[in-house]
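Survey of secondary and tertiary structure
Residues per chain are reported as follows:
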Amino acid sequence: YQRGYHRTAYVEALKRLRAAPNDAAAMAMIGQLYLDGVAVKIDEEEAARWFALAAERGYAPAQFALAVMRLDGQGGRKDVAAAKALFEKLAPSGHPGALYNLGVIALAAAPPDFEAAAAYFRRAADAGDGAAAYSLALLHRSGQGVPPSDIEAARWMKQAAQARFLAGEVEYALMLFNGVGVAKDEPAAARLLIRAANRDNPVAQNRLARLLAAGRGAPKNMVEAMKWHILARGAGVADEWLDDQLATLAGDQRKRVEDAVRRYLGQ
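Residues numbered from 1 in each chain as written. Predicted model: local features only at pLDDT ≥ 70, side-chain atom pairs only at ≥ 80, totals over all residues. Heavy atoms only, no water.

A few points about the overall build of the chain
- Per the secondary structure count, the chain includes 15 helices and zero strands.
- By the compact-globule yardstick of 18 Å for 267 residues, the chain is too spread out, its C-alpha radius of gyration being 23 Å.
- Across its three principal directions, the C-alpha atoms of the chain cover 70 × 50 × 30 Å.
- Put simply, the chain has 267 residues, and 41% of those count as buried.
- Relative to all contacts within the chain whose residues are 6 or more apart in sequence, the contacts with residues 24 or more apart total 44%.
- Accessible surface computed for the chain: about 13,600 Å², of which carbon and sulfur atoms make up 51%.
- Both charge centroids of the chain, one from 34 positive and one from 30 negative side chains, sit 4 Å from each other. (Helix = DSSP H or I, 4+ residues; strand = E, 2+ residues; numbered from the N terminus. Rg over C-alpha atoms; globule rule 2.2 N^0.38 Å. Buried < 20%, exposed > 50% of the residue type's maximum accessible area, 1.4 Å probe, protein only. Contact = heavy atoms within 4.5 Å. Areas by Shrake-Rupley, 256 points an atom, 1.4 Å probe, with all protein chains shown as cover. Lys, Arg positive; Asp, Glu negative; His and termini not counted. Charge placed at Lys NZ, Arg CZ, Asp CG, Glu CD.)

So, in structure tokens, the structure goes:
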């Protein structure tokens, strides 16, 4: 499966089930194939059925996959209570994804349970989950469920960025640039924005364009700046100041910008 031989994976999973009808790993593999729509036609209900069979036999990956499907309403109606019950089975083992999703469920409750969410996010972040570290950073920023602290927000946002969680990369870059909760470091901010911009994040592309146009954190480069501006603008991030800068470019510079955009887009 991991090497892309999906049909072979399907055949081997069926073969394993014929030999051992309670092979939960084989059941989960078939569920994943139906969910992905590879080797077999995509069928969320069938995927959920196979994950449920594996989950009943205590197979943790299937329990998590089924919980996510129930939470998102895939393969049937949305069932938050069923998803929560499955995540709670996995939580004692420190499953980061289960802990993170329990935090999300706590936030979605009426009223939101910020303290429970923060505790779940903290445990998931300690286990290396970037999304949880990002969420915990936001709670520290707003002071919901945890004491308000720019220092703690920056600490967890840095962890999210180090885990390559895209939103965390962007937010930590902005905290570095502005010196919020962390020592101001414009070059480090620029490096993070370059990384996030190349992952097609329009906010990062816009902020990077501004840095390059002003020569902040990186050498001034109007061609690169306008390349990122055009890409961000195409994704819906308007910026009148950068529009004005673009209008000042000479004809040869505009041509270089257009060429740079086409190269980035693979055209």
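Let's pick the thread back up.
Some points on the pattern of salt bridges
- Tallied over the entire structure, the rule returns 17 salt bridges.
- Residue arginine 216 is joined to glutamate 186 by a salt bridge in which the shortest nitrogen-to-oxygen separation is 2.6 Å. With a gap of 30 residues between them, arginine 216 in the loop between helix H12 (202–214) and helix H13 (222–234) and glutamate 186 in helix H11 (residues 186–197) connect regions that are remote in the sequence.
- One salt-bridge network, in which partners are shared between bridges, spans Arg164, Glu169, Arg195 and Arg199. (Salt bridge = Lys/Arg side-chain N within 4 Å of Asp/Glu carboxyl O.)

Some points on the environment of alanine 28
- Summarising the element assignment, alanine 28 is placed in helix H2 (residues 24–36).
- Take alanine 28: its relative accessible area is 8%, and that puts it in the buried class.
- Taking C-alpha positions, alanine 28 is 8.1 Å from leucine 53, a pair spaced 25 residues apart along the chain.
- Excluding its chain neighbours within four sequence positions, the residues that come into contact with alanine 28 are Phe51, Ala54, Tyr59 and Ala62.

Here we look at the environment of valine 182
- Of note, valine 182 is situated in the loop between helix H10 (166–178) and H11.
- Judged by its relative accessible area of 24%, valine 182 is partly exposed.
- Sequence separation of valine 182 and glutamate 152 is 30 residues, and the distance between their C-alpha atoms is 9.5 Å.
- Discounting chain neighbours no more than four positions away, the residues touching valine 182 are Ala154, Tyr172, Met175 and Leu176.

A word on the packing of helix H8 (residues 130–142) against helix H9 (residues 150–162)
- H9 packs onto H8 with a crossing angle of 165° between their chain directions and a minimal axis gap of 8 Å. In terms of their interaxial angle, H8 and H9 are classed as roughly antiparallel. Pair H8 / H9 crosses with left-handed handedness. Where H8 approaches H9, its residues Gly130, Ala133, Tyr134, Leu136, Ala137, Leu138, His140 and Arg141 are matched on the opposing element by Glu152, Ala153, Trp156, Met157, Gln159 and Ala160.
- Here the contact of H8 with H9 is built from residues that sort into nine nonpolar, three polar and two charged. (Axes fitted to C-alpha atoms, helices over the stretch in contact; angles between N-to-C directions. Parallel < 35°, antiparallel > 145°, perpendicular 65-115°, else oblique. Left-handed = near helix turned anticlockwise from the far one by under 90°. Nonpolar A, V, L, I, M, F, W, Y, C, P; charged D, E, K, R; others polar.)

Remarks on the side chain of histidine 229
- Tracing the backbone shows histidine 229 in helix H13.
- Residue class for histidine 229 comes out buried when judged on its relative accessible area of 0%.
- Not counting the four nearest positions on each side in its chain, histidine 229 is found in contact with Ala209, Asp239, Leu242, Asp243 and Leu246.

What about the packing of aromatic side chains?
- For the coordinates displayed, the defined rule picks out five aromatic pairs.
- Between tyrosine 100 and phenylalanine 121 the ring centres are 5.6 Å apart and the planes differ by 35°, which places this aromatic pair in the tilted class. Taken together, the residues tyrosine 100 in helix H6 (residues 96–108) and phenylalanine 121 in helix H7 (residues 114–126) connect sequence positions 21 residues apart.
- The exposure class of tyrosine 100 is partly exposed, given its relative accessible area of 22%.
- Judged by its relative accessible area of 1%, phenylalanine 121 is buried.
- With 5.3 Å between their ring centres and 50° between their planes, tyrosine 134 and phenylalanine 165 make a pair best called tilted. Here tyrosine 134 is found in helix H8, whereas its partner phenylalanine 165 is found in the loop between H9 and H10, with 31 residues between them in sequence.
- For arginine 49, the ring lying beneath its charged end belongs to tryptophan 50, and the centroid distance is 4.9 Å.
- The side chain of lysine 184 reaches across the aromatic face of phenylalanine 177, ending 4.8 Å from its centre. (Phe/Tyr/Trp six-rings, centres within 6.5 Å; stacked < 30°, edge-to-face > 60°. Lys NZ or Arg CZ within 6 Å of the ring centre and 35° of its normal.)

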